[in-house]
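# Descriptive structure summary
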Amino acid sequence: VTYYAVFSDTSVWDGTYPSVTNGYTFMGKGTQTSPYLIQSAQDLAALSALSSGIDYGSGIYYKLTINLDMSKKAFNPISWRGSYTGTQWKYFQGEFDGNNKSVKLVADITAIDNGTGYGLFQGLSNATVKNSTIATGSSIKAINRVGVIAYIGLYTMFAKRRFVSNTIVGSI
């Protein structure tokens, strides 16, 4: 009898967000030497939920450890301020190391949020995003202001980012 182990280098999101009412446990310590590890699509969904509607992540480090497919349904960007209501922008303020892994996003926000401000992050301020790839097959449609990695980046460093064979519709 021969047994085979099948390993996937991509974690596929099921389209749901974990409850973060009492926080969420990531592997790691959130420090520069021991960053919080994003080891699954559910972990990225948790980061989105934790940062929704607030300035989040100052002094906190995250590192992606696996390719992610977030294309099952529209993914709420990290630091998403919610549906457009004229509220102030909210920002991710930490460090995100994509670790040369990729994230596949599919979103059509032409009918929501005034069709504005979409990317993996909605807003970044005093943040670092590095070694990040938006995966082949990603498709983002908006009325205007599509950012891919981030819609808005204030005082933010972007290093080694890639966009591979993607469809982006909207003004940038």
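Structure first, text after, so check above.
Description of the structure in this document. (Residues numbered from 1 in each chain as written. Predicted model: local features only at pLDDT ≥ 70, side-chain atom pairs only at ≥ 80, totals over all residues. Heavy atoms only, no water.)

### Points about the overall build of the chain
- When you go through the chain residue by residue, the secondary structure sums to one helix and eleven strands.
- The order of α-helices and β-strands along the chain, N terminus first, is β-β-α-β-β-β-β-β-β-β-β-β.
- Relative to its 172 residues, the chain shows a buried fraction of 44%.
- Contacts in the chain between residues far apart in sequence, at least 24 positions, make up 84% of those at least 6 positions apart. (Helix = DSSP H or I, 4+ residues; strand = E, 2+ residues; numbered from the N terminus. Buried < 20%, exposed > 50% of the residue type's maximum accessible area, 1.4 Å probe, protein only. Contact = heavy atoms within 4.5 Å.)

### Let's talk about the nonpolar core
- One finds L44, F92, F96 and F121 to be the most contacted residues of the largest nonpolar core, which totals 33 residues.
- Counting only elements with at least two residues in this core, the list comes to helix 1 (41-51), strand 3 (61-64), strand 4 (67-70), strand 5 (95-108), strand 6 (116-125), strand 7 (128-134) and strand 9 (144-154).
- With six residues, helix 1 is the single largest residue contributor to this core.
- If near-sequence neighbours (up to four positions away) are discounted, F96 is found in contact with I38, L44, Y62, L64, L120, F121, T128, V129, K130 and S132. (Core = buried A, V, L, I, M, F, W, Y, C linked by side-chain atoms within 4.5 Å.)

### Structural notes on the environment of K104
- If you trace the backbone, K104 turns up in strand 5.
- Sequence-wise, K104 and L68 are 36 residues apart; in three dimensions their C-alpha atoms are separated by 6.2 Å.
- Apart from residues lying up to four places away in sequence, K104 is in contact with L68, D69, M70, S71, A135, T136, G137 and S138.

### Side note on the side chain of N131
- Locating N131 in the fold gives a position in strand 7.
- Take N131: its relative accessible area is 15%, and that puts it in the buried class.

### Some thoughts on the packing of aromatic side chains
- Under the criterion given, the structure shown has ten aromatic pairs.
- Ring centres of Y62 and F92 lie 6.1 Å apart, and the angle between their planes is 55°; on these two criteria the pair is classed as tilted. Of the two residues, Y62 sits in strand 3 while F92 sits in the loop between strand 4 and strand 5, which places them 30 residues apart along the sequence.
- Its relative accessible area of 0% is what places F92 among the buried residues.
- Measuring from ring centre to ring centre gives 5.4 Å for F96 and F121, while their planes differ by 80°; the resulting arrangement is edge-to-face. With F96 in strand 5 and F121 in strand 6, the pair connects residues that are 25 residues apart, well separated along the chain.
- For F96, a relative accessible area of 1% puts it in the buried group. (Phe/Tyr/Trp six-rings, centres within 6.5 Å; stacked < 30°, edge-to-face > 60°.)

### Remarks on unusual backbone geometry
- Phi at N99 is positive, roughly 55°, even though this residue is not glycine.
- The topology assignment puts N99 in strand 5.
- Relative accessible area serves as the criterion here: at 26%, N99 is assigned to the partly exposed category.
- Backbone geometry at N126 places phi at a positive 50°, although glycine is not the residue there.
- Here N126 is to be found in the loop between strand 6 and strand 7.

### Thoughts on the environment of D14
- Its location among the elements puts D14 in the loop between strand 1 (10-12) and strand 2 (36-38).
- Separated by 59 residues in sequence, D14 and K73 have C-alpha atoms that sit 8.4 Å apart.
- Other than its neighbours up to four places away in sequence, D14 contacts Q42 and K72.
- Within the local environment of D14, its side chain forms a polar contact with the side chain of T16, the two groups lying 2.6 Å apart. (Polar contact = N/O pair within 3.5 Å; in protein donor to acceptor, adjacent residues only side chain to side chain.)

Note that all results are geometric; they support no functional claim without further evidence.
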